[in-house]
Amino acid sequence: MVQYTQARLDDSFAALSDATRRGVLEQLGRSDASITDLAERFHMTLTGMKKHVGALEQAGLVTTKKVGRVRTCRIGPRRLEEETAWIERYRQLWDARFDELDKVVEELKRKEKVNGRKKRE
Amino acid sequence: MDARRESEATPMKNRTTVERKSERELVVTRTFNGPARIVFEAWTKPELFKQWWVPKSMGMSLLSCDMDVRVGGKYRLQFAHGDSQSAFFGTYKEVAPHSRLVWTNEESDEGSVTTVTFEEKGGKTLLVMHELYPSKDALDAAGTGAADAMVETFAQLDELLVTLGASSGRRDK
């Protein structure tokens, strides 16, 4: 369960790494909008906006529904739980530390090997 | 779903897992590709500890690091973050070479007790870090503190999530 959540968070963070997509989410937080509305508001082509909405949709942050010729976008269904986001940030901190610790461990192993060789000589 | 199984499946980069075991406890696990004596050394020698405790992404620097690693011995880490400084200090309660370290954190009355165990298997070491806080509020506050230390991207994301949480919450009513 925890691992599943983390994979989903990776998608969410990737989707949120783009300023336009964050803007789109804020906009949708205020009201639902069609892709045409969003493209106009963000001065983009329809194709460009469709791509952004697609990334948000894949991350589960936005859902879209086509009625007639209009595709309407809205927030959801999945909201990042505050606690999950908090734990994920904490995990990122420790992961960054442990990546550095990996380097220290490798360096110590290398030194031991060299010293071991010297002793045998 | 099991963290250990997952880290074995990807030997190149071992997975760090964090789990909130209860309202007052956090558990962090990670496997290292080296024997316990080496990993333990990296946690207990200041000159080694300094090399990994403050990764660049934290946006802080470590000004000093004093560690008297023995039962009743003290530690003190001094950090610089922009123009401000902070310290992290406490006392070692248990020191079992290559297998177990326990220390307290004494920056406030709501400090945590951290237990780190090093379990060697086939030349690798499974590290389990258990943090026990005196209350749920203390854990929440500490988590927020650690989060503050993270890069700005996360701060921006936070703001956005609060905005989104507030607006989608309204919608549900």
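I will try to describe carefully the structure that is included in this document. (Residues numbered from 1 in each chain as written. Chains lettered and ligands numbered in written order. Predicted model: local features only at pLDDT ≥ 70, side-chain atom pairs only at ≥ 80, totals over all residues.)

Side note on the overall build of chain B
- Helix and strand content of chain B: 5 helices and 8 strands.
- Order of helices (α) and strands (β) in chain B, N terminus to C terminus: α-β-β-α-α-β-β-β-β-β-β-α-α.
- Summarising the internal contacts of chain B: among those between residues at least 6 apart in sequence, 33% fall at separations of at least 24. (Helix = DSSP H or I, 4+ residues; strand = E, 2+ residues; numbered from the N terminus. Contact = placed C-beta atoms within 7 Å.)

As for the overall build of chain A
- Secondary structure assignment for chain A yields 5 helices and 3 strands.
- Counted from the first residue to the last, chain A has its helices and strands arranged as α-α-β-α-α-β-β-α.
- In chain A, which comprises 121 residues, the share counted as buried stands at 26%.
- When contacts within chain A are restricted to residue pairs at least 6 apart in sequence, those whose partners lie at least 24 apart make up 51%. (Buried ≥ 20, exposed ≤ 12 C-beta atoms within 10 Å, placed from the backbone.)

Points about the nonpolar core
- Counting 25 residues, the largest nonpolar core has A:W94, A:L101, A:V105, B:V18, B:V39 and B:A42 as the members making the most contacts within it.
- Where this core is concerned, the elements lending two or more residues are helix 5 (82-120) of chain A together with strand 2 (25-32), helix 2 (36-44) and helix 4 (136-148) of chain B.
- Sorting elements by how many residues they give to this core places helix 5 of chain A first, with 8 residues.
- Apart from the residues lying within four places of it in its own chain, the contact partners of B:A42 are A:L101, A:V104, A:V105, A:L108, B:L48, B:F49 and B:W52. (Core = buried A, V, L, I, M, F, W, Y, C linked by C-beta atoms within 7 Å.)

As for the sheet that holds strand 1 (residues 17-22) of chain B
All names here are of chain B.
- Pairing in this open sheet of 8 strands is antiparallel, and the strands run 1-2-8-7-6-5-4-3 from one edge to the other. The strands lining the two open edges of the sheet, one partner per strand, are strand 1 and strand 3 (61-67). Neighbouring strand axes in the sheet, compared pairwise and without regard to direction, differ in orientation by 20° on average.
- Contacts between helix 2 and the sheet are confined to strand 2, strand 3, strand 6 (100-104), strand 7 (113-121) and strand 8 (124-132), with strand 7 contributing the most and set at about 155° to the helix. (Pairing = 2+ DSSP bridges. Axes fitted to C-alpha atoms, helices over the stretch in contact; angles between N-to-C directions.)

Regarding the sheet that holds strand 2 (residues 62-67) of chain A
Residue and element names in this part refer to chain A.
- One open sheet holds the 3 strands; their spatial order is 1-3-2, and the pairing between them is antiparallel. A single partner strand is all that each edge strand has here, and the edge strands are strand 1 (33-34) and strand 2.
- For strand 2 and strand 3 (residues 70-75), the ladder comprises 6 bridges, and the chain directions are antiparallel. Its bridge partner being in strand 3, K66 is matched across the sheet by R71.
- Lying on the sheet, helix 2 (residues 19-30) is in contact with strand 1, strand 2 and strand 3; it crosses strand 3 at an angle near 90°.
- Each of strand 2 and strand 3 touches helix 4 (residues 46-58); the most contacted strand, strand 2, lies at about 120° to it.

Some remarks on the pairing of strand 6 of chain B
All names here are of chain B.
- Along strand 6, the buried face is formed by L101 and W103; none of R100, V102 and T104, which line the opposite face, is buried.
- As defined by bridge partners, strand 5 (residues 84-96) adjoins strand 6 across 4 bridges and the pair is classed as antiparallel. Following the sheet pairing, Y92 is matched in strand 6 by W103.
- Counted along the chain from strand 5 to the antiparallel partner strand 6, the turn is 3 residues long, and its residue H98 has a positive phi close to 70°.
- Bridge count between strand 6 and strand 7: 5 bridges; the pairing is antiparallel. By the bridge assignment, L101 is partnered in strand 7 with V116.

By themselves, these figures tell us nothing about what the structure is for.
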